[in-house]
Amino acid sequence: MKIILLNDKQRKAIINMVKPTKRDYFSYQNLNLLTAVYDEEKNVCLTVTRFMSSAITRMDSHYDEYSYALLTPLGCFSVSCTESAGKYSDIFSPLPLFISGKKISEMIEYYHGSFSERRALEKEAVKDIDTGNSGFTEWYLEKNYFKKRRN
């Protein structure tokens, strides 16, 4: 596995699955349209689309909730899980005959364990882009998605 930069085709697939709206900042607040974990063996990518802290939900569950985009040769699928004390659970594969829940779990762990690597790649990728006061995802959505949809 390795960290890669997403291309426009992959970004569009993720956006079509997530369907963020300009009026709802939470619909894209944690969406990563820049980097992903790539597994060469399965030819799949995984990146985070949503994060909800247990402190925000106040459900007394002590679990944070994550959602991810799983880009496969068969399409883009949503995967979710819960996390507590660095342990990820409740992971189910949308395509169990193609990719196992265990492999997705490994990808999720790799994604979170590669924070420094992702940040370094992200900084290098955006060094020549003027995103203003926005992060890459917000800038990208404004430039390529929100203006076309008027939401």
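As shown above, the structure is provided for reference.
Now for a description of the structure that goes with this document.

**Notes on the overall build of the chain**
Helix and strand counts for the chain come out as five helices and six strands. In the chain, the succession of helices and strands from N to C terminus is β-α-β-β-α-β-β-β-α-α-α. What you see for the chain is a C-alpha radius of gyration of 15 Å, in line with the 15 Å of a compact globule of 151 residues. Along the longest, intermediate and shortest principal axes, the C-alpha atoms of the chain span 40 × 40 × 30 Å. The burial tally for the chain puts 40% of its 151 residues in the buried class. Of all intrachain contacts in the chain linking residues separated by at least 6 positions in sequence, the fraction that spans at least 24 positions is 53%.

**Here we look at the pairing of strand β2 (residues 35-39)**
Within β2, five of the five residues are buried, leaving the element largely enclosed by the surrounding structure. Here β2 shows a buried face lined by T35, V37 and D39 and a second buried face lined by A36 and Y38. Pairing between strand β1 (residues 2-5) and β2: four bridges, direction antiparallel. Bridging across to β2, I4 finds its partner in A36.

**Some words on the nonpolar core**
Membership of the largest hydrophobic core comes to 18 residues, with the highest contact counts inside it found for I14, I15, L31, L33, C45 and L141. Tallying contributions element by element places helix α5 (residues 136-149) first for this core, with five residues. Here I14 is in contact with L6, L31, L33, T47, T49, A69, L71 and C76, once residues within four sequence places are set aside. L70, Y88, I99 and I104 belong to the second largest nonpolar core, which has 17 residues in total.

What counts as what
Residues numbered from 1 in each chain as written. Predicted model: local features only at pLDDT ≥ 70, side-chain atom pairs only at ≥ 80, totals over all residues. Heavy atoms only, no water. Helix = DSSP H or I, 4+ residues; strand = E, 2+ residues; numbered from the N terminus. Rg over C-alpha atoms; globule rule 2.2 N^0.38 Å. Buried < 20%, exposed > 50% of the residue type's maximum accessible area, 1.4 Å probe, protein only. Contact = heavy atoms within 4.5 Å. Pairing = 2+ DSSP bridges. Core = buried A, V, L, I, M, F, W, Y, C linked by side-chain atoms within 4.5 Å.

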